[in-house]
Amino acid sequence: MGINEKAYKTILSLGTDAITLGNHTWAKKEVFNFIEQEKIIRPANYSKNNPGKGYRIFDCKNKKIAVINLIGRVEMNVLSENPFIVADQIIEKIKDEVDYIIVDFHAEATAEKIAMSYYLDGKANIIFGTHTHVQTADETILEGGTGYITDIGMTGPIKSVIGMDVKASIKRFETSLPERYKIAEGNAKMNACIFEINDETGRVIGIKRINL
């Protein structure tokens with residue numbers, strides 16, 4: 001749970017442009033060593049006093065692309081500000097200085113994520129959900145041209161319970177007793193999503209789910 005410095009450097013070495021976080025942002029103490037670096041983004045609706053940034057703006061192929069990270073409040077057990085209001089505040093602040101806006105909404109409830117998609121339709125170019133680790137089949141282009149999917153999916157062990165060893169996970173549900181988190185082993189999969197944007201209008205014109 002959480003990101004350590006080794007994983008952070010490995011992800012960057014693959015050519016990654018931005019790394020968004022979620023409810024396990026502070027799980028590893030060493031995150032404080034690199035949380036201020038320019039390619040890492042923690043949920044914007046965490047307390048303003050928290051280190052790190054909730055959004056960043058990147059230059060890519062003569063375009064300015066904003067990446068916003070938000071965390072949900074339904075069944076997340078994380079103290080946070082209202083993600084809808086915070087999203088509005090950020091977009092209002094940056095809308096005139098960027099070409100595209102991408103939102104990673106890290107949330108448990110599908111209803112909260114879907115509501116956010118309609119709320120930001122036409123304001124953000126791309127919105128994707130994370131956290132539940134199961135890729136949804138509801139990719140859609142909304143009326144305002146925003147591309148959306150409720151959960152982009154998972155990268156990790158195929159035979160697992162969202163990454164956890166199957167036997168350990170079943171024991172948790174069977175006994176209701178705490179069980180040490182054990183990462184599953186074996187072949188892995190990668191879920192992802194490709195959004196195609198019309199360069200002139202900013203509207204999403206195609207979405208392709210990836211499951212390798």
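Just so it is clear, the structure is predicted and the values come from calculations on it, not from any experiment.

Draft legend 1. How the structure looks around the overall build of the chain. Within the chain, the regular secondary structure consists of 4 helices and 11 strands. In terms of overall dimensions, the chain is globule-like: its C-alpha atoms have a radius of gyration of 17 Å, near the 17 Å expected for 212 residues. The dimensions of the chain, computed from C-alpha atoms along their principal axes, are 55 × 35 × 35 Å. The burial tally for the chain puts 41% of its 212 residues in the buried class. Put simply, 51% of the contacts in the chain that link residues at least 6 apart link residues at least 24 apart. Put simply, the chain shows about 12,400 Å² of open surface, and 51% of that area lies on carbon and sulfur atoms. Taken together, the 27 basic and 28 acidic charged side chains of the chain have centroids lying 6 Å from each other.

Draft legend 2. Representation of the pairing of strand β4 (residues 63-71) in the model. Of all 9 residues in β4, 7 are buried; the element is thus mostly enclosed. Sheet analysis places strand β3 (residues 55-60) next to β4, joined by 6 bridges and oriented antiparallel. If you follow Ile57 over to β4, its bridge partner there is Ala66. A loop of 2 residues connects β3 with β4, the two strands running antiparallel in sequence, and Lys61 in this loop sits at a positive phi of about 50°. Pairing of β4 with strand β5 (residues 100-106) involves 7 bridges; the strand directions are parallel. Bridged to Asn69 within β5 is Asp104. Of the crossover connections in this fold, the one passing from β4 over helix α2 (residues 83-94) to the parallel β5 is right-handed.

Draft legend 3. Summary view of a nonpolar patch on the surface. A contiguous nonpolar surface patch, about 400 Å² in accessible area, is contributed by Val134, Val161, Ile162 and Phe173. Summarising the element assignment, Ile162 is placed in the loop between β9 (155-157) and α4 (166-175). A residue is classified by how much of its surface remains accessible, and Ile162, at 44% relative accessible area, is partly exposed.

Draft legend 4. How the structure looks around the environment of Asn187. Assignment of secondary structure puts Asn187 in the loop between α4 and β10 (188-197). Considered as a pair, Asn187 and Pro157 are 30 residues apart in the sequence and their alpha carbons are 5.7 Å apart. In this structure Asn187 touches Gly156, Pro157 and Ile158, once residues within four positions along its chain are discounted.

Draft legend 5. Seen up close, the side chain of Ser117. Its place among the elements puts Ser117 in helix α3 (residues 110-119). Residue classification places Ser117 among the buried residues on the basis of a relative accessible area of 1%. Setting aside its immediate chain neighbours within four residues, Ser117 contacts Ile127, Leu142 and Tyr148.

Draft legend 6. Up close: the nonpolar core. Core analysis: the largest hydrophobic core is formed by 21 residues, its most contacted members being Ile68, Leu70, Ile94, Ile101, Val103 and Leu120. Going through the elements one at a time, β4, α2 and β5 are the ones with two or more residues in this core. Examining the composition of this core, we find that 6 residues originate from one element, α2, more than from any other. In contact with Val103, other than residues within four places in its own chain, are Ile68, Leu70, Leu120, Ala124, Ile126, Ile127 and Phe128.

Draft legend 7. Structural view of the pairing of strand β11 (residues 204-211). Of the strand pairs in this sheet, β10 and β11 are connected by 7 bridges, and their pairing is antiparallel. Residue pairing for β11: Glu196 is matched across the bridge by Gly206.

Rules and cut-offs
- Residues numbered from 1 in each chain as written.
- Predicted model: local features only at pLDDT ≥ 70, side-chain atom pairs only at ≥ 80, totals over all residues.
- Heavy atoms only, no water.
- Helix = DSSP H or I, 4+ residues; strand = E, 2+ residues; numbered from the N terminus.
- Rg over C-alpha atoms; globule rule 2.2 N^0.38 Å.
- Buried < 20%, exposed > 50% of the residue type's maximum accessible area, 1.4 Å probe, protein only.
- Contact = heavy atoms within 4.5 Å.
- Areas by Shrake-Rupley, 256 points an atom, 1.4 Å probe, with all protein chains shown as cover.
- Lys, Arg positive; Asp, Glu negative; His and termini not counted.
- Charge placed at Lys NZ, Arg CZ, Asp CG, Glu CD.
- Pairing = 2+ DSSP bridges.
- Right-handed = clockwise from strand over helix to strand, strands pointing away.
- Patch = residues over 30% accessible without salt bridge, like charges linked within 9 Å, V, L, I, M, F, W, Y side chains within 5 Å.
- Salt bridge = Lys/Arg side-chain N within 4 Å of Asp/Glu carboxyl O.
- Core = buried A, V, L, I, M, F, W, Y, C linked by side-chain atoms within 4.5 Å.

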